[in-house]
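The primary structure of each chain is shown beneath.
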Amino acid sequence: LEREQLMQQAEEAKLEAQADRVEEVVAMRKGFDDLEAVLKKDEAIMKRAHSYSRLSAAVLNLEEALLRGNATKELEAVQQAAAEAEDSFVSGLLKSLPVELL
């Protein structure tokens with residue numbers, strides 16, 4: 001009988017310890033979820049910055065090509081970069097350029 005009581009007490013102590021760990025695991029999980037949300041937000045910001053960087057480079061290349069008098073390839077690159085960056089201003093500006101400039 002005493003052995004059974006000791007076994008039962010040991011089992012109860014084990015369950016209590018596991019219950020304490022569950023709270024820790026839940027708290028850690030919340031921390032990881034919060035970290036993941038921050039990283040996803042940072043990833044979106046980085047992708048947008050990269051898109052704008054590519055758009056800026058494409059615009060500089062277009063400027064040089066316009067000065068040379070042949071900008072077809074560069075114009076297409078700017079149009080693509082503007083579309084990828086979802087930049088309606090640049091897209092609209094490109095559509096308004098006179099054909100003779102290109």
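See the structure above.
What counts, and at which threshold
- Residues numbered from 1 in each chain as written.
- Predicted model: local features only at pLDDT ≥ 70, side-chain atom pairs only at ≥ 80, totals over all residues.
- Heavy atoms only, no water.
- Helix = DSSP H or I, 4+ residues; strand = E, 2+ residues; numbered from the N terminus.
- Polar contact = N/O pair within 3.5 Å; in protein donor to acceptor, adjacent residues only side chain to side chain.
- Contact = heavy atoms within 4.5 Å.
- Buried < 20%, exposed > 50% of the residue type's maximum accessible area, 1.4 Å probe, protein only.
- Expected span 1.5 Å × (residues − 1).

> Just checking my understanding: could you explain the side chain of Glu74 for this structure?
Within the element layout of this structure, Glu74 appears in helix α2 (residues 72-84). At 3.3 Å, the side chain of Glu74 and the side chain of Arg68 are in polar contact. With sequence-adjacent residues up to four places away left out, Glu74 is seen in contact with Asn61, Leu62, Ala65 and Arg68.

> Would you mind going over unusual backbone geometry with me for this structure?
Negative phi is the rule for most residues except glycine; trans is the rule for most peptide bonds. One non-glycine residue, Glu86, lies in positive phi territory at about 55°. Its place among the elements puts Glu86 in the loop between α2 and α3 (88-95). Note on Glu86: relative accessible area 65%, which makes it exposed.

> Got a minute to help me understand α2 in this structure?
Structural remark: α-helix, 3.6 residues per turn; residues separated by three or four positions point the same way. Between the first and last C-alpha of α2 there are 18 Å, a value that for 13 residues agrees with the 18 Å anticipated at 1.5 Å per step. The inward-facing, buried residues of α2 contact α1 (2-68) and α3. A positive backbone phi angle near 55° is found at Glu86, which sits one or two residues after α2.

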